[in-house]
Amino acid sequence: MKLPSLLGSAGDGGAGQALVGAIAAAITTWAAVRFLLRYFETNRLSPFGVYCIAAGIFCLIVFTI
C-alpha cells in the first residue's frame, strides 16, 4: 500500500530499505518452507503435539490463578 509513496518523488528514501526487507523475507520464507517440507517427509508431529498439550496445561494453570 505504501509502495507508490516510497517510489515517488516525495518519497523519503525508504525504497532501498523496503527492497532489502522484501528480499530478506523471501529468503527466510523459502528456507522455512524447504525445511518444513523435508522435516515432515521424515518425521512425525509428535513433538508438536506434546508441546501443545504442555502449553495448554501451563496456560490453564496460569489463567486459573
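Residues numbered from 1 in each chain as written. Predicted model: local features only at pLDDT ≥ 70, side-chain atom pairs only at ≥ 80, totals over all residues. Heavy atoms only, no water.

As a further point, take the overall build of the protein chain. Across its full length, the protein chain carries 3 helices and 0 strands. Classification of the 65 residues of the protein chain by burial places 2% in the buried group. Total accessible area on the protein chain is roughly 5,900 Å²; 74% of this is exposed by carbon and sulfur atoms. (Helix = DSSP H or I, 4+ residues; strand = E, 2+ residues; numbered from the N terminus. Buried < 20%, exposed > 50% of the residue type's maximum accessible area, 1.4 Å probe, protein only. Areas by Shrake-Rupley, 256 points an atom, 1.4 Å probe, with all protein chains shown as cover.)

For the protein chain, per-residue confidence averages 86 on the pLDDT scale, and residues scoring 70 or more make up 78% of the total. No element of the protein chain has a lower mean pLDDT than helix α1 (residues 3-7), which averages 65, and none a higher one than helix α3 (residues 46-64), which averages 95. (pLDDT = per-residue confidence, 0-100.)

According to the stated counting rule, one finds 3 aromatic pairs in the structure shown. When the ring of Y39 is compared with that of F40, the centres are 5.8 Å apart and the planes differ by 65 degrees; the resulting orientation is edge-to-face. In this structure Y39 comes out as partly exposed when scored by relative accessible area, which is 27%. Ring centres of F48 and Y51 lie 6.2 Å apart, and the angle between their planes is 35 degrees; this geometry places the pair in the tilted category. Of this pair, F48 and Y51 both sit in helix α3, 3 residues apart, which is roughly one turn of that helix. Three or more aromatic residues joined by ring pairs form one cluster here, namely F35, Y39 and F40. (Phe/Tyr/Trp six-rings, centres within 6.5 Å; stacked < 30°, edge-to-face > 60°.)

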